[in-house]
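Overview (structure and organization)
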Amino acid sequence: MTTAAAAVELAPLVRAGTGAAAAFSSSTSQQIPLPRRQRVARAIRAFPAPGRSEGASELPAPLLPNARRRGRDPLWYGGGFSLGVDLGDARTGLAVGRGITLPRPLTVLKLRGQKLELTLLDMARQQEADELIIGLPVSADGRETPQSNKVRSVVGRLAVQAAERGLRVYLQDEHGTSIDALDYMISRGVKKSARDVKSDAYAAVMILEGYFRSSGQGAKIVLPRQLELQDKLIAQSRSVVLPL
């Protein structure tokens, strides 16, 4: 199952049998029983139009980011922690938070490939996180870059493995987080000699800070193409309720 690296960023709900949802449904008609196919068509629209800004407000509630659910329903006390991830070619910074207080830096991983992906999932479990908020590099004008493609490739593989464990994966605009991280470290009194070592972890802090500040409005969920994994993720996300 984990060999299927492709993942799709999902858009808001649409009517069954229209647009890309119909194409997605018809392409899987030989493998999926009718009731399930109809449910999927109503729940998601795969492959959103390029360049279109897609929110998460109309996704099924179990697939909404935790910050979004808390922002729209103050009485909702579910969800675990959020693991912020600043992916890099050589180093990956991690932070954790829940939106109640400022996120805190965790560590910087010097791993790549499958070892990195498995470690991220293990870190999420250790930190009692049920979602990963991964920074997506974009230019100042909001356009994606070659580095964006690299991040999407990693996230595509990661989303499959995360869904198997009941973890949701989201992409969050990380433009400007490196500069913000430097300012934040200076304000926190982090010594100059330690800033380079810790900068990636603090960049992950900034990713989470932006995520919580916007109540998860900019977070885009990434799901595996396998419909059975999508169903499993929805079921597990719906059943997990953790106290504050």
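Looking at an unreviewed UniProt entry, the protein chain carries the name YqgF/RNase H-like domain-containing protein, with the source organism given as Urochloa decumbens.

**Let's talk about the overall build of the protein chain**
A count of helices and strands for the protein chain gives 8 helices and 7 strands. Taken across its 244 residues, the protein chain has 48% of its residues classed as buried. The contacts of the protein chain with a sequence gap of at least 6 include a subset with a gap of at least 24, amounting to 70%. Of the roughly 12,100 Å² of accessible surface on the protein chain, 53% is carried by carbon and sulfur atoms.

**Observations concerning the pairing of strand β6 (residues 168–173)**
For a regular strand, side-chain orientation follows a simple rule: the groups alternate between the two sheet faces. With respect to burial, β6 is a largely interior element, 5 of its 6 residues being buried. Taken together, the 6 bridges between strand β5 (residues 129–136) and β6 define a ladder with parallel strand orientation. Each residue of the ladder has a partner; that of Gly 135, found in β6, is Gln 172. In this fold, β5 hands off to helix α5 (residues 146–164), which returns the chain to β6; that crossover is right-handed. Note: β6 against strand β7 (residues 220–224), 3 bridges, orientation antiparallel. Looking across to β7, one finds that Val 169 is bridged to Val 222.

**Thoughts on the packing of aromatic side chains**
Applying the stated criterion across every chain yields a total of 1 aromatic pair. Each ring, one from Tyr 211 and one from Phe 212, has its centre 4.9 Å from the other, and the planes form 55°; the classification is tilted. In terms of burial, Tyr 211 and Phe 212 fall into one category: buried. Over the face of the ring belonging to Phe 81 we find Arg 98, whose NZ or CZ atom lies 5.3 Å from the ring centre.

**A closer look at the pairing of β5**
For β5, the tally of buried residues reaches 8 of 8 residues, placing the bulk of the element in the interior. The pairing of strand β2 (residues 81–86) with β5 spans 5 bridges and is parallel. In the strand pairing of β5, Val 85 is matched with Ile 134.

**What about α5?**
If you check α5, its first and last C-alpha atoms are 29 Å apart, about what 19 residues at 1.5 Å a residue would give, namely 27 Å. Taken from the residues just after α5, Gly 166 is the one with a positive phi, measuring 80°.

**Quick look at unusual backbone geometry**
Positive phi is not limited to glycine here, since Glu 128 has a value of about 55°. Here Glu 128 falls in the exposed class, since its relative accessible area comes to 54%. We note that Ser 215 has phi near 55°; this positive angle belongs to a residue other than glycine. Examined against the element boundaries, Ser 215 turns out to sit in the loop between α7 (192–213) and β7.

**Considering the pattern of salt bridges**
Once their charged atoms are close, side chains differing in charge can pair, the charge on each being opposite to the other. Under the criterion given, the structure shown has 8 salt bridges. For Lys 150, the salt bridge goes to Asp 89, with nearest N and O atoms at 4.0 Å. Remark: Asp 89 occurs in the loop between β2 and β3 (92–97) and Lys 150 occurs in helix α5; sequence separation between them is 61 residues. Among the residues examined, Lys 150 registers a relative accessible area of 46% and is labelled partly exposed.

**Some details on the packing of helix α4 (residues 113–126) against α5**
It is the contact of α4 with α5, at a shortest axis distance of 10 Å, that shows an interaxial angle of 45°. Comparing their axes, α5 and α4 come out oblique. Relative to α5, α4 is oriented so that their crossing is right-handed. Facing Glu 117, Leu 118, Leu 120 and Leu 121 of α4, the residues of α5 in contact are Val 154, Arg 157, Leu 158, Gln 161 and Ala 162.

About the cut-offs
Residues numbered from 1 in each chain as written. Predicted model: local features only at pLDDT ≥ 70, side-chain atom pairs only at ≥ 80, totals over all residues. Heavy atoms only, no water. Helix = DSSP H or I, 4+ residues; strand = E, 2+ residues; numbered from the N terminus. Buried < 20%, exposed > 50% of the residue type's maximum accessible area, 1.4 Å probe, protein only. Contact = heavy atoms within 4.5 Å. Areas by Shrake-Rupley, 256 points an atom, 1.4 Å probe, with all protein chains shown as cover. Pairing = 2+ DSSP bridges. Right-handed = clockwise from strand over helix to strand, strands pointing away. Phe/Tyr/Trp six-rings, centres within 6.5 Å; stacked < 30°, edge-to-face > 60°. Lys NZ or Arg CZ within 6 Å of the ring centre and 35° of its normal. Expected span 1.5 Å × (residues − 1). Salt bridge = Lys/Arg side-chain N within 4 Å of Asp/Glu carboxyl O. Axes fitted to C-alpha atoms, helices over the stretch in contact; angles between N-to-C directions. Parallel < 35°, antiparallel > 145°, perpendicular 65-115°, else oblique. Left-handed = near helix turned anticlockwise from the far one by under 90°.

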